[in-house]
Amino acid sequence: MVATINDVKDKSFDYIVVGGGTAGLTIGARLAEDPSTSVLILEAGAANLDDPNILRPASYGSHFGKPEYSWNHQTIKQKTTGDNAHPWARGKGLGGSSAINFLCWIKPAGTEIDDFERLGNPGWNWKNYEKYIHRTEGYFPPSEETQKNLSMKFDGWSLGNNGPLEIAYPATIDPAERKVQQTLLNAGIPLAPKPMNGDPVGVYYAPCTYNPATHTRSYATTAFYTPNKGKSNFKVLVSAHVNRVLPASESDSEFTAESVEFEHEGQVYTVRAKKEIILSAGALKSPQLLELSGIGNPNVLRKIGIPTKVDLPGVGSNVQEHMLVAVSFELRDDVKFDTMDLLADPTVLNEHLKLHTSGSGIFTTGIIGFAFAKLHEISPRANDIIKATEEKIFKNANNYPPGLLEQYKVSLERLKNGAGCEFISFPGMCSQPNPPEKGKRYVSFYVALNHTFSRGTIHSVSKNPNEDAEFDPRYFEEEVDLQVWVEMVKFARSLRNISPLKDMTTKELNPGPEVQTDEEIVSWIKKIMTTTWHTAGSCSMLPKANGGVVDPELKVYGTKNLRVVDLSVVPLQFAAHPQATVYAIAEQAADIVKGSFRA
């Protein structure tokens, strides 16, 4: 059972973790492995335990807009996208975004994790990443029959198989997925050599956070809360909205985090930490909590009437985001492919809800088809784009804020040799603006931009903790992001001219025939683009002089015992869906806090 307020109020704990999401539950559970260590996790959302709406796979996007499952944040209006504000939903409740994400288990290129170390963080490298992610992974390989039917090749793959988070391929994989993958191969993208072990460049089938025994979502709650909920030294209080971290003294030169102020059922409480306080509220909320606690840029704090306790200008800066659009093609009526479109019929939907209980049907499928390509593999304009970007960066080298030029040098290497162009096959219509035709089925490709040069900010606009910070991604501030994305869209559209997809489809639904020129593609992107919900960098792990917020031990500069452990610490965003990396960060952080980590 989750804790009650009586289990928490007027008590102290060795460690207080703010946020019961992916990172928070992971590090909290690992710290509680020592029975003499007491851990409290405070989660603002509800427990949502055993909720079929969370546990049922293939329920993509169904949680957005529902306050019991999702924080429905929005960016400020973006001038570069026609004064549009963009939804930035995040998971609300125990498990955080791992409870509502699309279940993709993707790992970055090893070199992109090694870049953390290159930017000034000893010990944050691919070797350690693999060590720690294997602790989380409980991998079940697909059956030999499935491997044969889909021509799956796992030579050189290595995943952990004893961890608490089930990783598996979904029970139902439509044979048409193989044809979609073959189209990408025929388009010139190679088969990825070791996508789970540091070399994901190319096409592959990715596993999901899927429990093959129950055909349900595996997430931070099932992996790290449920097995530990009976421990007397592991307390999780839900509906506990944290307001700020309070220092032991207002006069000390170094901020010593003593307690956390939070609201629960209309009342404000404080709870004391004997050792450390760990912020795991996510990239959108951790910087806001630092600012509400008096830690951040004095200019920002002054505007909202909060005295500066730690002058740390990097808080809420260096914000990076993944973005996506989707291209959809209509399937021929005689092509066999059970897509998500079938669920638009209420009768069919009810049939598949019943089928799920027996381990079959559309709700036992998953998003498994991925391709990560280099720019020059998908565009004849690659060299021109790279050259223009390189010239601009070195022309403006002296005008960038501290540390950004170092990041841009790495980003230029990635633009030349990295695989930041992602194409995800989706069995159904998921694009805009043209609606689907009744009774028709579709195959789509998410076109996901991962290596962005634009940098945004996240800053508090009020001392009221219930008011959202200002989320400003500054989309397309660097035009290279848009240039690369246009080339990616053109490549995705070209797939309809390549077999086997050519023989499976009749026409393009979106962007549609009225979108042809580069200028028209740009206009379409700006009108319908969305986030991929992967914001990072707002509490970057970098040297303080380079805009850093936390050091390599994830300790906030200027504090004695306050850490940040979530995606906000990533200094340079990588080309992968981030949930696996968030688990890896939390696993490594747990050893750092315990004092057992060796770089």
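Relevant structure appears above.
As the structure is a computational prediction, the values presented were derived from the model and not from experiment.

> Describe the overall build of the protein, naming the residues involved and giving the relevant values.
Of the regular secondary structure elements, the protein holds 17 helices and 24 strands. A compact globule built from 599 residues should have a C-alpha radius of gyration of about 25 Å, and the protein, at 23 Å, falls within 12% of that. Taken over the C-alpha atoms alone, the protein extends approximately 70 × 60 × 45 Å along its principal axes. With 599 residues in all, the protein has 62% of them scored as buried. For the protein, the share of sequence-separated contacts (at least 6 apart) that also reach a separation of at least 24 residues comes to 74%. Summed over all atoms, the accessible surface of the protein reaches about 22700 Å², with 49% contributed by carbon and sulfur. Taking the 61 positively charged and 69 negatively charged side chains of the protein as two groups, their mean positions are separated by 1 Å.

> How would you explain the packing of aromatic side chains if you had to name every residue and give the values?
Evaluated as defined, the whole model comprises 23 aromatic pairs. Aromatic pair Phe-329 and Phe-445: ring centres 6.4 Å apart, planes at 65 degrees, arrangement edge-to-face. Of this pair, Phe-329 sits in strand E16 (residues 323–331) while Phe-445 sits in strand E19 (residues 442–449), placing them 116 residues apart in sequence. A single burial state applies to Phe-329 and to Phe-445, both of which are buried. Ring geometry for Phe-370 and Phe-372: centres 6.5 Å apart, planes at 5 degrees, overall stacked. Note on accessibility: Phe-370 and Phe-372 belong to one class, buried. Put simply, the rings of Tyr-60, Phe-64, Phe-102, Phe-426, Tyr-446 and Trp-533 pair up and form one aromatic cluster. Directly above the aromatic system of Phe-363 lies the positively charged group of Arg-56, at a separation of 5.7 Å from the ring centroid. Just above the ring of Trp-71 sits the side chain of Lys-92; from NZ or CZ to the centre is 4.5 Å.

> Which residues make up the pattern of salt bridges, and what are the values?
Two side chains carrying opposite charge are able to pair once their charged atoms lie near each other. Per the stated rule, a full pass over the model turns up 24 salt bridges. As a salt-bridge pair, Lys-107 and Glu-137 come within 2.7 Å of each other at their nearest N and O atoms. In this pair, Lys-107 sits in the loop between strand E4 (87–91) and helix H3 (110–118) while Glu-137 sits in strand E5 (residues 137–140), placing the two residues 30 residues apart along the sequence. Residues Lys-107 and Glu-137 agree in their burial class; the two are buried.

> Run through the nonpolar core, naming residues and quoting values.
Ranked by internal contacts, the top residues of the largest apolar core, which has 121 residues, are Ile-27, Leu-42, Phe-262 and Leu-290. It is helix H17 (residues 579–594) that provides the largest number of residues to this core, a total of ten residues. Those residues within four positions of Leu-290 in sequence are excluded, and the remaining contacts are Leu-279, Ile-295, Val-315, Cys-539, Val-549, Val-556, Leu-562 and Val-564. In this structure, Ala-187, Val-327, Phe-476 and Ile-528 belong to the second largest nonpolar core, which totals 62 residues.

> Tell me about the environment of Pro-287, and please be specific about residues and values.
Relative to the helices and strands, Pro-287 is located in helix H8 (residues 286–292). The spacing of Pro-287 and Ser-460 is 173 residues in sequence and 8.4 Å in space, taken between C-alpha atoms. Sequence-distant contacts of Pro-287, that is, excluding residues within four places in its chain, are made with Gly-282, Val-315, Gly-316, Ile-458, Ser-538 and Cys-539.

Basis of the calculations
- Residues numbered from 1 in each chain as written.
- Predicted model: local features only at pLDDT ≥ 70, side-chain atom pairs only at ≥ 80, totals over all residues.
- Heavy atoms only, no water.
- Helix = DSSP H or I, 4+ residues; strand = E, 2+ residues; numbered from the N terminus.
- Rg over C-alpha atoms; globule rule 2.2 N^0.38 Å.
- Buried < 20%, exposed > 50% of the residue type's maximum accessible area, 1.4 Å probe, protein only.
- Contact = heavy atoms within 4.5 Å.
- Areas by Shrake-Rupley, 256 points an atom, 1.4 Å probe, with all protein chains shown as cover.
- Lys, Arg positive; Asp, Glu negative; His and termini not counted.
- Charge placed at Lys NZ, Arg CZ, Asp CG, Glu CD.
- Phe/Tyr/Trp six-rings, centres within 6.5 Å; stacked < 30°, edge-to-face > 60°.
- Lys NZ or Arg CZ within 6 Å of the ring centre and 35° of its normal.
- Salt bridge = Lys/Arg side-chain N within 4 Å of Asp/Glu carboxyl O.
- Core = buried A, V, L, I, M, F, W, Y, C linked by side-chain atoms within 4.5 Å.

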